[in-house]
Each structure stands twice: as C-alpha cells, then as structure tokens.
Amino acid sequence: MATGLYVDESRSTKGWSEKLRDKVLIVFSDKVANREEILFEVFGVEDNAGKQIHRDVVWTTKYYNVTLDVYVDSFSSLKDWTREFCDPDLDELREVIAGWIIVLPFNGNIDEETKALTQLKSCATSKDFFTAILATELNVSENTRAFLEYELLEGAIELVQDEVGSDSELGEVSGLDRVKEIIDTCEWHPRLLRTTHPKSEINVGSAGADTPLIQIMGRLREARTKYMAMDPGLSREEFASEMARELSRFL
Amino acid sequence: MTQIKYMLLVSRQGKVRLMRWYSAYDSKERSKISRELATMVLARKAKMCNILEYQDHKVVYKRYASLYFICGISSDSDNELLTLEVIHRYVEAMDSYFNNVCELDIIFNFTKAYEILNEVLVCDGSMTETSKQAILRSVMTMDSLETSDNLDQVLS
C-alpha cells in the first residue's frame, strides 16, 4: 500500500489536548469493481481520479450532523495493507479515526484474509471507534462464514454482506444501509456533534403532530436568557414585546 | 407468570444500549454478565434457539433489526415463551412511540426507552401492563406533564 494518508494536524488536534476522532477510513480491495458507487452511496462523495481524502463531508441523521473527513485507500494484498496499517508509524492516524470500513470480496479459500483480519483485530480495533467489513461477495461455506463472523466478532468487527433486500421478520437492514447505520450509531465526540431537532418524529401526545413545540420551547429559553442578561430599560422591554409577538404567531 | 432478573439491550456491534436489573447483582457481576452475554448472544446464528442456559438461570433473547433484547429468567419458575412475548410487547410499544424505532432513537432518547420499560415491567421484574395503548397513554401523560413543567419553568 502506498497510502499517502496523513493526518491534518491543524484541524483535528490543534488547541486540544484530546484528539477528535473525525475521520472515517474506507479501504477497498483492488478486486472491488463498484468502488465509486459505494463511495457515493455511503458518503455522497465522488471518486475523482482516485482522490484519497474528502474533507468536510457532512454526515446527517435525524438527531445530529457531524462534519468528517473521509480517507479512501486501496490494497491489492490485505496482508500487506494490514501489516502497514498496524505499524507504529500509523499510530497517529489510528488515534484520529472514528472508524474504518474494509470493502473486499470473499471467494473460495479465504485463509489469507482470515489471518490478516485476525492481525487487524489484535492491533487496530478499539471500543473508541467502529469497525466493519463490507463483503461485496461472500462465496464461502456456511462453516467458514460462521468461523469468520466469530473471529471478527471477538474484535467487535461487524461483517456486513453487500446484498439487496432485508430480512423483513427481523426488520434488519443490510449492505450499504447497514454500513450507514453503523456510522450513524458511532459515538462521536460531543464537540463534533451539532444536534438537530427531529420534527414530529416522536408521538409527543397532546402536543400534536404539527406543533413545533420543541422549537417554541427553545426560542422561549433563548429569549428568557437574553432578557435576563439585558440591562433594564426600553430596549429590554422592546425585546420582550418583539419576542411575545414572534411566539404568539406559533400559538 | 414470569419474573425477569434483568434485561439488556445490546447492539450488533456489542455495545450495551440499555440495562435494567430486577435482581440483586453487584457491579462486578453486572459487567461480567453483560460482557459475556453480549459475546455469547451475538455469536449465535439466526436460526439457533432463542433460549439458552447461562450460569444458574436461563437467558431468553430476541433480535430486532440491529438490536438484541436479552432477558435473564429463573430456570424453574419462569416461562420462556412469555418472556419472548414481554420483549415483543416492549418493542411494539417503543415502535409505536418512536414511529418505527431504530437504534439511534434509543441512543438519543434512552430516558424514554427506560420510561416505557418501567410501564411494562415493575421493579421486581414482573409484567405490569400488557396493553400497548395503556403503556403509551401513561408515557404520553408523563410527556405532557414534563412539557407543561418546562413551560412553567420558562415562563416563570
């Protein structure tokens, strides 16, 4: 692997004693044909001339959004890539990634892949970041698959098969949707999170589906804080009247 | 009748999202149980039995999407199938409340998930309410009380 990946210190670490994990590493096997499609589907970025770092990608869920950098890498031999990724020289990178995703096909004899993943499990997994393997093909026996899943599970690495459709009984999402779900549930540092208020997603009883109650409460709180901070006088009373007019429009 | 000893909610990534203990366990035992059960249950294939023996009791689990609901029950006195039904009731109640619940809803509204669980199971682990409508009504009443309380606080 000639990764060329490096850590942008000016953004992630400067001024903070603690490093922010705001980078997601996605690594493709050379055998993966639909790399552009996967990158676009998951992160909404285009694979322009093998661009390795996509900065300021906004990841949005119904509860929060977070700005992250997507690091893209590729390998022809997983064993070599793993050796290099586990090298102490890349400690700095491992300390700032929020998670890694390896995209590769599993076909026939997967001894080499299993060995490499076992090594990866021991050196590059942590409860601080998510880890997932996206299998574009999984043409192995059931026993091999079970063994692989168990091996990966020990290192909290999830094996996701890139397949269409889901098991409706379990309501489970699969393939790229599951990868997105894994990123959604990543424990981002609070300093990276910008929360959004999901509107009418929750049945809030008497509030009614169309009433932006959370929004009104937020505005009321802000107004009260600002009012308390202002000096008594005409401007404070004008501000109070203005807020009362604004909020009455909601009611 | 079933009396649950504990309920754990574990993600596919092995992270414990919720836990409620209805029997006395010290913190060491709690972390041992949650660690061991997460590994044990996650390693099981989809078609394997949802009931297994663990320590001196039984464990009943059910998977919904990316979440595993795991309950510890007494080997001799509790009913495994009823426990599966309790889990299902809880999931149905959360599903209605959150409008198709997902892991993210539970992470960001874990207090609500606990409140719903409190309506399903009382502190000794026995089922207190089977009606989804009644459960939701109680939770929504609490919501409106909380909202008016917040409103009073802001307007005061």
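Residues numbered from 1 in each chain as written. Chains lettered and ligands numbered in written order. Predicted model: local features only at pLDDT ≥ 70, side-chain atom pairs only at ≥ 80, totals over all residues.

**A few points about the overall build of chain B**
Across its full length, chain B holds five helices and five strands. In sequence order, the secondary structure elements of chain B are arranged as β-β-α-β-β-β-α-α-α-α. For 156 residues, the compact-globule estimate of 2.2 N^0.38 gives 15 Å, and the C-alpha radius of gyration of chain B, at 16 Å, lies within 12% of that figure. In terms of principal-axis extent, the alpha carbons of chain B reach across some 55 × 35 × 30 Å. Of all 156 residues assigned to chain B, the portion counted as buried reaches 35%. (Helix = DSSP H or I, 4+ residues; strand = E, 2+ residues; numbered from the N terminus. Rg over C-alpha atoms; globule rule 2.2 N^0.38 Å. Buried ≥ 20, exposed ≤ 12 C-beta atoms within 10 Å, placed from the backbone.)

**Brief notes about the confidence of the model for chain B**
Per-residue pLDDT for chain B averages 90, and the proportion of residues at 70 or more is 97%. Scored as a whole, the predicted complex attains pTM 0.78, and scored at its interfaces, ipTM 0.84. (pLDDT = per-residue confidence, 0-100.)

**What to know about the sheet that holds strand β4 (residues 57–64) of chain B**
Residue and element names in this part refer to chain B. Strands sit in the order β2-β1-β5-β4-β3 across an open sheet of five strands; the sheet is antiparallel. Edge positions in the open sheet fall to β2 (16–21) and β3 (51–54), since each of these has one partner strand only. Within the sheet, the average angular offset between the axes of one strand and its neighbour, ignoring direction, is 20 degrees. Examined bridge by bridge, β4 and strand β5 (residues 67–73) share seven bridges and lie antiparallel to one another. Looking at β5, one finds that Y61 is bridged to I70. Each of β1 (4–11), β3, β4 and β5 is contacted by helix α2 (residues 80–98), which is oriented at about 35 degrees to β4, the strand it contacts most. (Pairing = 2+ DSSP bridges. Axes fitted to C-alpha atoms, helices over the stretch in contact; angles between N-to-C directions. Contact = placed C-beta atoms within 7 Å.)

**A few points about the nonpolar core**
If you look at the biggest cluster of nonpolar residues, it comprises 46 residues, and the most contacted ones within it are V24, V27, V103 and A132 of chain A. Sort the elements by how many residues they give to this core and strand β4 (residues 97–107) of chain A lands first, with eight residues. Those residues in contact with V27 of chain A that sit more than four places away from it in its chain are D73, S74, F75, W81, W100, I102 and V103 of chain A. Core analysis: the next-biggest nonpolar cluster, separate from the first, contains 38 residues, I33, V60, C102 and A113 of chain B among them. (Core = buried A, V, L, I, M, F, W, Y, C linked by C-beta atoms within 7 Å.)

**Concerning helix α1 (residues 27–42) of chain B**
Between its terminal C-alpha atoms α1 of chain B stretches 22 Å, which fits the 22 Å expected from 16 residues at 1.5 Å a residue. Among the residues of α1 of chain B, I33, L37, A38, V41 and L42 of chain B are the ones counted as buried. Projected onto a plane normal to the axis of α1 of chain B, the buried residues spread over an arc of 120 degrees and lie on a single side. Within α1 of chain B, the exposed residues directed more than 90 degrees away from the buried face are K28, S31 and R35 of chain B. Its buried side turned inward, α1 of chain B meets α6 (142–154) of chain A together with β1, β2, β3, β4 and β5 of chain B. (Expected span 1.5 Å × (residues − 1). Arc of directions from axis to C-beta.)

**Thoughts on the confidence of the model for chain A**
Residue and element names in this part refer to chain A. Looking at chain A as a whole, the pLDDT averages 79, with 82% of positions reaching at least 70. Element-level mean pLDDT values for chain A span from 48 in helix α1 (residues 9–12) up to 93 in strand β1 (residues 23–29). When the criterion is pLDDT under 50, residues 12–16 qualifies, and its contacts beyond four places in sequence or with other chains add up to seven contacts. For residues 204–210, every residue scores under 50 in pLDDT, and the model assigns this stretch nine contacts once sequence neighbours within four places are set aside.

**Regarding unusual backbone geometry**
A positive phi angle, close to 55 degrees, is found at D56 of chain A, a residue other than glycine. Among the structural elements, D56 of chain A can be located in strand β2 (residues 53–60). We note that Q55 of chain B has phi near 50 degrees; this positive angle belongs to a residue other than glycine. Mapped onto the secondary structure, Q55 of chain B falls in the loop between β3 and β4. With 13 C-beta atoms counted inside 10 Å, the residue Q55 of chain B sits in the partly exposed group.

**Brief notes about the pairing of strand β6 (residues 158–161) of chain A**
Residue and element names in this part refer to chain A. Along β6, the buried face is formed by E158 and V160; none of L159 and Q161, which line the opposite face, is buried. For strand β5 (residues 130–139) and β6, the ladder comprises four bridges, and the chain directions are parallel. Bridged to I133 within β6 is L159. In terms of handedness, the path from β5 via α6 over to β6 forms a crossover that is right-handed. (Right-handed = clockwise from strand over helix to strand, strands pointing away.)

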